[in-house]
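Architecture at a glance
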Amino acid sequence: MTLEEARAALHTARRVAVLTGAGVSAESGIPTFRDAQTGHWARFRPEDLASPGAYRRDPNMVWEWYAGRYRDVTRAQPNKAHHLLALLEREKGDGFFLATQNVDGLHARAGSERLVELHGNLSTARCEACGTVAPLPAPDTFTPPPTCPLCGSRMRPNIVWFGEFLPELALEAATRAFQEAEVALIVGTSGQVYPAAGLALETRRAGGVVIEVNPDETELTSSLTHSVRDVASKGLAALMGEA
Ligand code: APR
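Residues numbered from 1 in each chain as written. Predicted model: local features only at pLDDT ≥ 70, side-chain atom pairs only at ≥ 80, totals over all residues. Heavy atoms only, no water.

1. Considerations on the UniProt feature "binding site: Zn(2+)" (unreviewed entry) in the protein chain
Per the UniProt record, the feature "binding site: Zn(2+)" (unreviewed entry) sits at C127, C130, C148 and C151. Separation in sequence by 25 residues is not matched in space for these annotated residues, since their most distant C-alpha atoms are only 8.5 Å apart. Mapped onto the fold, C148 is located in the loop between β5 (133-135) and β6 (155-159). The buried category is assigned to C148, whose relative accessible area is 5%. (UniProt positions renumbered as here; feature names shortened; annotations may be inferred. Helix = DSSP H or I, 4+ residues; strand = E, 2+ residues; numbered from the N terminus. Buried < 20%, exposed > 50% of the residue type's maximum accessible area, 1.4 Å probe, protein only.)

Quick look at the structure:
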């Protein structure tokens, strides 16, 4: 499929599902996980920070790390890619669905509404005792760990850690949307983490068109219909005729 054909398919599709990963926020200055130079994982071993075992061993260290990331994403701004996806949603209406693996909240801040955050959100915490989810205080007034506004117990980061299950309803909604999509866009994800990465394959299996936007080849590339080899903002602009 050529870029022209991919653009036409996106333009005419009534049902569009989008999966985004860390790459969509790279142009907002938020480092991707697996980037050797700047990624979080280059400086820390993931299992030392983002797992239930790490949290049991050293909750304060894990909270300090998340509090820092929360501060960083609060200072960052949504970029053109986030805004283009919000625009695409306004064009497609109820036929649009966005699933993100990102926990930075930038899609919502750009105006996306038909959105599920599959891996949680840095700006909220969840009570370890009663499960209440509550927003964190502003970063400059926040001292971790937070306590539950309902029962006073310690709260944990509201993030899906390695070895944990994705929220069932969110994953079901995303799976349905990708199965029904005529066109799926896979933007800025290395496609290494399942089940999120499997969503692209749901659309392909159901006979839909799957278009990747990524400057590099990924684990998913060979299974997809077309790849736009560019950063998220430029690749989406080219596909949407907004360049
Ligand atoms: N535009 C688009 N894509 C980009 C850009 C950019 N400006 N910069 C980098 N990329 C691509 C990289 O080529 C890479 O394929 O973004 C991808 C980022 O991959 P990862 O860092 O692996 O991030 P992601 O796919 O979101 O990781 C999935 O893994 O660690 C867990 O839970 C974590 O949600 C995360 C999940």
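2. Considerations on helix α7 (residues 168-180)
If you check α7, its first and last C-alpha atoms are 18 Å apart, about what 13 residues at 1.5 Å a residue would give, namely 18 Å. The set of residues buried in α7 consists of A170, A174, T175, A177 and F178. In an axial view of α7, the angular spread of the buried residues amounts to 165°, which keeps them on one side of the axis. Every exposed residue of α7 that faces more than 90 degrees away from the buried side is listed here: E168 and L169. Buried residues along α7 sit against β1 (16-20), β2 (96-100), β3 (115-117), β7 (183-187) and α8 (198-205). (Expected span 1.5 Å × (residues − 1). Arc of directions from axis to C-beta. Contact = heavy atoms within 4.5 Å.)

3. Regarding the pairing of strand β8 (residues 209-213)
For a regular strand, side chains alternate in direction, first toward one face of the sheet and then toward the other. Most of β8 sits out of view: five of its five residues are buried. Neither face of β8 is open: one carries V209, I211 and V213, the other V210 and E212, and all of them are buried. In this structure, β8 lies alongside strand β9 (residues 226-228), joined through three bridges in parallel fashion. Opposite V213, over in β9, you have V228 as the bridge partner. (Pairing = 2+ DSSP bridges.)

4. Focus: the sheet that holds β9
Pairing is parallel in the open sheet, where six strands are placed in the order β3-β2-β1-β7-β8-β9. The open sheet is flanked by β3 and β9, the only strands paired with a single partner. With direction set aside, neighbouring strand axes in the sheet form an average angle of 15°. Strand direction decides the pairing type here: β1 and β2, joined by five bridges, are parallel. Bridge pairing links L19 to A99 in β2. (Axes fitted to C-alpha atoms, helices over the stretch in contact; angles between N-to-C directions.)

5. Quick word on the pairing of β1
Within β1, five of the five residues are buried, which leaves the element mostly enclosed by the surrounding structure. Of the two faces of β1, both are covered, the one formed by V16, V18 and T20 as well as the one formed by A17 and L19. When β1 meets β7, the two strands line up parallel, connected through five bridges. In the strand pairing of β7, A17 is matched with A184.

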